[in-house]
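Commentary on secondary and tertiary structure
What follows is each chain in one-letter form.
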Amino acid sequence: MIGVYGGTFDPVHYGHLRTALEVQEQLDLEAMLMLPAREPPHRDPPQASPEARRDMLALALQGQDRLVLDGRELERPGPSYMVDTLESLRAEHGDCPLGLVLGEDAFGGLDGWDRWERLTELAHLLVMARPGGGRPAGAPARLLTERGVDDAARLKSRPAGLIYQIEVTSLAISATAIRAQQAAGRSSRYLLPDAVLEYLQANRLYC
Ligand SMILES: Nc1ncnc2c1ncn2[C@@H]1O[C@H](COP(=O)(O)OP(=O)(O)OP(=O)(O)O)[C@@H](O)[C@H]1O
Ligand SMILES: O=C(O)c1ccc[n+]([C@@H]2O[C@H](COP(=O)([O-])O)[C@@H](O)[C@H]2O)c1
């Protein structure tokens with residue numbers, strides 16, 4: 001199974017990296033693709049450029065062979081809809097199971113995503129617990145009831161369509177807090193890799 005971890009990564013931090021690594025290891029994924037969104041839908045535009053967010057992710061992933069930077073959303077003009085990304089991955093990977101990784105917060109808003117009902121036709125959903133994330137309601141809760149599985153082995157038996165809730169280490173780190181620290185001249189050390197911190201400071205990204 002190939003993991004698909006999308007984000008704004010403005011900037012990437014240990015909340016992303018640790019959870020990506022834990023999901024990759026727990027499910028023994030061939031690879032966890034890390035995809036920065038050029039134009040993330042449904043939020044304010046990122047502060048850092050697509051190139052800077054990609055560079056920071058590349059620095060963070062140095063020396064990791066199973067966490068892989070995938071730049072396809074950066075190369076695609078217009079809003080970075082996940083359904084388009086999954087269509088392109090599905091075309092490349094045939095019947096190989098794909099697992100779209102989502103925080104609980106993102107899963108709770110899934111019914112607002114573009115062509116959201118197509119997402120589970122293209123991939124499984126791997127939903128990670130996140131500090132402060134509530135229980136889903138409405139359409140995502142119904143989807144979880146219909147498609148949720150407790151046995152991770154079932155994910156490898158078909159290419160898409162199941163939902164698996166996965167426990168990961170809770171790290172209450174957010175890119176919003178890191179940007180605020182930088183703007184206020186406070187330290188962000190130990191929340192993200194030193195190489196990323198040095199890059200964003202050298203380029204005065206969030207001052
Ligand atoms: N600390 C964390 N623990 C678990 N998952 C996280 C964490 N931070 C982000 N994620 C998940 O990573 C994905 C991408 O997150 P994103 O790049 O928007 O980071 P963020 O820190 O939430 O950013 P921002 O504060 O700018 O909204 C989302 O699915 C989100 O739920
Ligand atoms: O496809 C959509 O409509 C859609 C709507 C909201 C979020 N997403 C994706 O979800 C991922 C996490 O989003 P964010 O805003 O938390 O960085 C990122 O890959 C976004 O492109 C995708």
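Per an unreviewed UniProt entry, the protein chain is named Probable nicotinate-nucleotide adenylyltransferase, and its organism is Thiohalobacter thiocyanaticus. Quoted verbatim from the Pathway (unreviewed entry) field of the UniProt record, the comment on the protein chain reads "Cofactor biosynthesis; NAD(+) biosynthesis; deamido-NAD(+) from nicotinate D-ribonucleotide: step 1/1." One UniProt comment on the protein chain, placed under Function (unreviewed entry), says "Catalyzes the reversible adenylation of nicotinate mononucleotide (NaMN) to nicotinic acid adenine dinucleotide (NaAD)."

Let us look at the pairing of strand E2 (residues 31-36). In terms of residue burial, E2 counts as a mostly covered element, since five of its six residues are buried. Looking at chain direction, strand E1 (residues 2-7) and E2 are connected through six bridges and run parallel. Directly across from valine 4, in E2, lies its bridge partner leucine 33. For the crossover from E1 across helix H1 (residues 14-26) to E2, the handedness is right-handed. As for the winding sense of the linkage, the β-α-β connection from E2 through helix H2 (residues 50-61) to strand E3 (residues 67-69) is right-handed.

Side chains three or four residues apart in an α-helix point the same way, a direct result of the helix having 3.6 residues per turn. All of the buried residues along helix H8 (residues 175-183) are Ala175, Ile178, Arg179 and Gln182. Down the axis of H8, the sector holding all buried residues measures 100°, keeping them to one side. Glycine 185 lies just past H8 and shows a positive phi near 75°.

The residue glutamate 75 is located in helix H3 (residues 72-75) in this model. Once the C-alpha coordinates of glutamate 75 and tyrosine 5 are considered, the two residues, 70 residues apart in sequence, prove to be 17 Å apart.

Moving on to the site of ligand 1. Taken together, 18 residues sit near ligand 1, with Gly7, Gly15, Gly103, Ala175 and Thr176 positioned nearest. Looking at the shell around ligand 1, the elements that each hand over two or more residues are H1, strand E4 (98-103), helix H5 (104-108) and H8. It is H1 that contributes the most residues to the shell around ligand 1, three residues altogether. Considering only residue class, the shell around ligand 1 consists of seven nonpolar, eight polar and three charged.

Turning our attention to the site of ligand 2. Around ligand 2, the surrounding shell holds 15 residues, and the nearest of these are Gly6, Thr8, Met82, Trp113 and Asp114. Each residue belonging to the shell around ligand 2 can be placed in one class, and the counts come to eight nonpolar, five polar and two charged.

On to unusual backbone geometry, then. Looking along the chain, the bond that leaves aspartate 10 and enters proline 11 is cis, with omega of 5°. Take proline 11: it is sitting in the loop between E1 and H1. Located in the positive-phi region is aspartate 28, a residue other than glycine, with phi close to 50°. The phi angle at tyrosine 190 is positive, at roughly 75°, despite the residue not being glycine. Locating tyrosine 190 in the fold gives a position in the loop between H8 and helix H9 (194-202).

Reading the values: rules and limits
- Residues numbered from 1 in each chain as written.
- Chains lettered and ligands numbered in written order.
- Predicted model: local features only at pLDDT ≥ 70, side-chain atom pairs only at ≥ 80, totals over all residues.
- UniProt positions renumbered as here; feature names shortened; annotations may be inferred.
- Buried ≥ 20, exposed ≤ 12 C-beta atoms within 10 Å, placed from the backbone.
- Helix = DSSP H or I, 4+ residues; strand = E, 2+ residues; numbered from the N terminus.
- Pairing = 2+ DSSP bridges.
- Right-handed = clockwise from strand over helix to strand, strands pointing away.
- Arc of directions from axis to C-beta.
- Near = placed C-beta within 6 Å.
- Nonpolar A, V, L, I, M, F, W, Y, C, P; charged D, E, K, R; others polar.

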